[in-house]
Amino acid sequence: MPSSVLQIIAMVSMLIDHVAYIQTYGNAHVIFLNYIGRIAMPIFCFQIVIGYKKTKKVQIMKFYDILKKNGINVTIRREFGSGVDAACGQLRANSNKEA
């Protein structure tokens, strides 16, 4: 499913949740509309993770420059071991395959 479709689903579900709350001031007879709105948070979190994984170094540096120009202190975390299997259990998983 494309990212834009997930974003639209999340925004619509959040809109339904907020409109229901405003219209009824939290009355229990439309609580099911709040459950529809709860779909939004996991989708937005998923989008953040996907965006983080797919962000290119050039985009990161552009954003870094914008923040620095506006006086915001920024630190970019360097990645170590991306070329080797050295993260959380990958070495053990590979050693089990070889045995």
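Along each chain, the written sequence defines residue order, and numbers are assigned to residues from 1. A pLDDT threshold of at least 70 governs which residues receive local features in this predicted model, and a stricter bar of 80 or more applies before side-chain atom pairs are shown or counted, although totals over entire chains, interfaces and linings include all residues. Calculated side-chain values reflect all of the structure's heavy atoms, with hydrogen atoms and water omitted.

Here the focus is the overall build of the protein chain. Scanning the protein chain from N- to C-terminus turns up five helices and zero strands. Long-range pairs, those at least 24 residues apart, make up 42% of the contacts in the protein chain with a sequence separation of at least 6. Areas reported here follow the Shrake-Rupley algorithm with a probe of radius 1.4 Å; residue values treat only the protein chains shown as occluding. Accessible surface computed for the protein chain: about 8,600 Å², of which carbon and sulfur atoms make up 64%. Think of it this way: any DSSP run of H or I at least four residues long counts as a helix, any run of E at least two long counts as a strand, and we number them from the N terminus. In this analysis, two residues are considered to be in contact whenever any of their non-hydrogen atoms come within 4.5 Å of each other.

Another aspect to go through is the pattern of salt bridges. A carboxyl oxygen of Asp or Glu within 4 Å of a side-chain nitrogen of Lys or Arg is what we treat as a salt bridge. The tally for this structure, following the rule as stated, stands at one salt bridge. Two residues, Arg38 and Asp17, come together in a salt bridge whose shortest N-O distance is 2.9 Å. One end of the pair, Arg38, is in the loop between helix 2 (31-37) and helix 3 (40-54); the other, Asp17, is in helix 1 (residues 3-24), with 21 residues separating them in the sequence.

Moving on: the side chain of Ser13. For Ser13, the position within the fold is in helix 1. Setting aside chain neighbours within four positions, we find Ser13 in contact with Ile36, Gly37, Ile39 and Ala40.

Attention shifts here to the environment of Ile39. Structurally, Ile39 is set in the loop between helix 2 and helix 3. Note on exposure labels: buried denotes an accessible area under 20% of the residue type's maximum, exposed denotes more than 50%, and partly exposed covers the range between, all computed with a 1.4 Å probe on protein chains only. Take Ile39: its relative accessible area is 42%, and that puts it in the partly exposed class. Measuring from C-alpha to C-alpha, the distance between Ile39 and Ile9 comes to 8.5 Å, with 30 residues separating the pair along the chain.

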